[in-house]
Amino acid sequence: MPWPSPVLWPSATSLEPLLSQPGVAHWVLEEEFRPHSASMALGSPAKAFTPAGISRVRHWLIEAPASAGVSLQAGLLAWQGQWLYEGAPASSKINRPPGWWQRQRQPKLDSRPLVLLGTHSNPNYFHWATLPGMASLILQDHFQLEAMQNSALALSARPGRPLPGFVEQLCALGATESPSVMGSCLASRQRCRFALQQHETDVVMSPAAIQWWRFKLASHLAPCLRPWRRLWISRNKGHQRCCVNERAIQGVLQALGFEPVVLETLSVLEQLQLFSEAEVVAGVHGAGFTNLLACTPGTRVLEVLPDDGPYNHYFLISQGLGLHHGHLIAKAIGAAGGGLWIDPDGLLALLHRFLYGNSVEFQQ
């Protein structure tokens, strides 16, 4: 089904008509992050997991009066018949956002100023916690702006598909005193603030977002002086990248002191607390690694990848937080996004090298 309205990919040029509207204010942040070292691997690391895997992103925080006509619809930002969609090298090659189709509707007007929060087309835990989900709040604090008086957080989801439960939990951690309003299509009768990003690289990591979460989490997590847990993040409840030999892998790792964790069974705060207590975190690439935001510098992260593509989201986060990252490429089973077979011997060899060097055995 064709996309009914043009997509506005954010850039300094494309946003000019919006930013020149009467009463519109905006702030711009450009971030670049270059890893200082490569991720550890048994052989040569994947290219995205080296200092060549640089991250560049440009953010706009925009404050607009009601007359500008900006609304939040099914998680997407709309303005004058256009969808304001994150500009990324991959997504800009297609003529519509890669998420769900949703026709534009007449928004429900709220009497309060609204901070519009959304994740465009990919409503998973990673994109809600980082970009673009919490970006409006992150940038508001980065630019040391006062919150709009009596404002509320605006959240919207596709009709018939409510937001995941972790969204409100993240909002409660990131904006403890802000009420929220939910609906499929929302706009303010007064003013709104919202964030847009232009990705200069396929994957981006925002240093501002990382520091913002570190500050926010400090008051929510019980301090851990000496992390001790060894966690295996299980994806046996996931729909993609499930480990087909999970039982064998868990058996090997259990003997080394690893505990399997199914993050879907835990609250957001419980997940973050668990990661803050971790000495080692291992598992298959997935949004659960977003919880690395709570890890102590020096924590070791071993990530299993489906291939050598641009899966460096958590490598970049690890580098930004002072964590030690290693990666292992698994064997894909079935179609893309299907199961993965992990070589137990390769996993153990990397753990030996990663934690203690080639000549030292992994100690229980």
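Our structure's up above, just so we're on the same page.
Residue positions within a chain follow its written sequence, with the count starting from 1. Residues qualify for local features only when their pLDDT is at least 70, as the model is predicted, and side-chain atom pairs are given and counted only at 80 or more; totals for whole chains, interfaces and linings, by contrast, use all residues. The side-chain numbers reported here are obtained from all heavy atoms of the structure, hydrogens and water having been left aside.

Q: I'm lost on the sheet that holds strand β3 (residues 55–65) in this one. Help?
A: In sheet architecture, strand pairing relies on hydrogen bonds along the backbone and comes in two forms, parallel and antiparallel. Read from one edge to the other, the open sheet built from six strands follows the order β2-β3-β12-β8-β9-β10, with strand pairing classed as mixed. Each having just a single partner strand, β2 (25–33) and β10 (180–182) make up the two edges of the open sheet. Taken pair by pair, the neighbouring strands of this sheet meet at an average axis angle of 25 degrees, ignoring direction. By this definition, two strands are paired if DSSP reports at least two bridges between them. Only DSSP runs of H or I reaching four residues or more are called helices, and only runs of E reaching two or more are called strands; each is numbered from the N terminus. The pairing of strand β8 (residues 114–117) with strand β9 (residues 152–155) spans four bridges and is parallel. Within the sheet, the bridge partner assigned to L114 lies in β9 and is A152. Pairs of residues are marked as contacts when any of their non-hydrogen atoms sit within 4.5 Å. Note on geometry: axes are lines fitted to C-alpha atoms, helical ones only across the stretch in contact, with angles between N-to-C directions running from 0 to 180 degrees. Contacts from helix α3 (residues 135–142) reach β2, β3, β8, β9 and β12 (191–199), with the element oriented near 100 degrees to β12.

Q: Can you help me understand a nonpolar patch on the surface in this one?
A: Exposure above 30% relative accessible area and no salt bridge define the residues that can form patches, which grow by joining like charges within 9 Å and nonpolar side chains of Val, Leu, Ile, Met, Phe, Trp and Tyr within 5 Å. Reported accessibility uses the Shrake-Rupley method at a 1.4 Å probe radius. Residues are deemed covered only where the shown protein chains occlude them. A pair is scored as a salt bridge if a Lys or Arg side-chain nitrogen falls within 4 Å of a carboxyl oxygen belonging to Asp or Glu. A contiguous nonpolar patch, built from V244, I333 and W341 and spanning about 260 Å² of accessible area, is present on the exposed surface. Note on placement: W341 falls in strand β19 (residues 339–341). Each residue is placed in one exposure class: buried if its accessible area under a 1.4 Å probe, protein chains only, is under 20% of its type's maximum, exposed if it is over 50%, and partly exposed if it falls in between. Residue W341 is classed as partly exposed on the basis of its relative accessible area, which comes to 36%.

Q: Is there a simple way to think about the pattern of salt bridges in this case?
A: Note that side chains of opposite charge can pair when their charged atoms are close. Inspection of the entire model under this criterion finds ten salt bridges. In this structure, R229 and E277 form a salt bridge, with 2.8 Å as the shortest nitrogen-oxygen distance. With R229 in strand β13 (residues 229–233) and E277 in the loop between α7 (268–276) and β15 (278–284), this residue pair connects regions lying 48 residues apart in the sequence. Using a relative accessible area of 13% as the deciding quantity, one classes E277 as buried. Residue E279 pairs with R230 through a salt bridge whose shortest N-O separation is 3.2 Å. Residue E279 is found in strand β15, and its partner R230 is found in strand β13; the two are separated by 49 residues along the sequence. The network of salt bridges with common partners includes E30, R58 and E200.

Q: For this particular structure, what's the right way to read the pairing of strand β5 (residues 76–79)?
A: Regular strands place side chains that alternate from one sheet face to the opposite one. Alternating residues of β5 divide into L76 and A78 and L77 and W79, and every residue in both groups is buried. The pairing of strand β4 (residues 70–73) with β5 spans four bridges and is classified as antiparallel. Paired with S71 across the two strands is A78, which belongs to β5. The turn joining β4 and β5, which pair antiparallel and follow one another in sequence, is formed by two residues; a positive phi near 50 degrees is taken by A74. Across three bridges, the pairing between β5 and strand β6 (residues 82–84) is antiparallel. Note on β6: the bridge partner recorded for W79 is Q82. Counted along the chain from β5 to the antiparallel partner β6, the turn is two residues long, and its residue Q80 has a positive phi close to 50 degrees.

Q: For this particular structure, what's the right way to read the side chain of E277?
A: Polar contact is defined as a pair of N or O atoms within 3.5 Å, subject to the rule that within protein one atom must be able to donate a hydrogen and the other to accept it, and that residues adjacent in sequence are counted only when both atoms are side-chain atoms. At 3.1 Å, the side chain of E277 and the side chain of Q273 are in polar contact. The contact partners of E277, leaving out residues within four places of it in the chain, are C224, P227, W228 and R229.

Q: It is not clear to me how helix α9 (residues 344–356) should be interpreted in this structure. Could you clarify?
A: Spacing of three or four residues puts side chains on the same side of an α-helix, whose turn is 3.6 residues. Expected helix span is taken as 1.5 Å per residue step, with the number of steps being one fewer than the number of residues. Over its 13 residues, α9 runs 18 Å from end to end, which matches the ideal 18 Å to within 8%, given 1.5 Å per residue. For α9, every residue scored as buried is listed here: G346, L347, L350, L351, F354 and L355. The arc enclosing the buried residues of α9, seen along the axis, measures out at 140 degrees, which places them on a common side. Where the residues of α9 are buried, they touch α6 (246–254), β14 (258–261), β15, β16 (300–305) and β17 (324–329). Two residues or fewer past α9, G357 is found with a positive phi of approximately 90 degrees. By arc we mean the arc of the directions from the helix axis to the C-beta atoms, nothing more.

Q: Would you take a moment to explain the sheet that holds β17 for this structure?
A: Taken in spatial order, the five strands line up as β14-β13-β15-β16-β17 in an open sheet, and their pairing is parallel. The outermost strands of the open sheet, each flanked by one partner alone, are β14 and β17. Taken pair by pair, the neighbouring strands of this sheet meet at an average axis angle of 20 degrees, ignoring direction. In the sheet, β13 pairs with β15 via five bridges, with the strands oriented parallel. Counted as the bridge partner of R230 is V280 from β15. Strands β13, β14, β15, β16 and β17 of the sheet are contacted by α9, whose axis makes an angle of about 155 degrees with β16.

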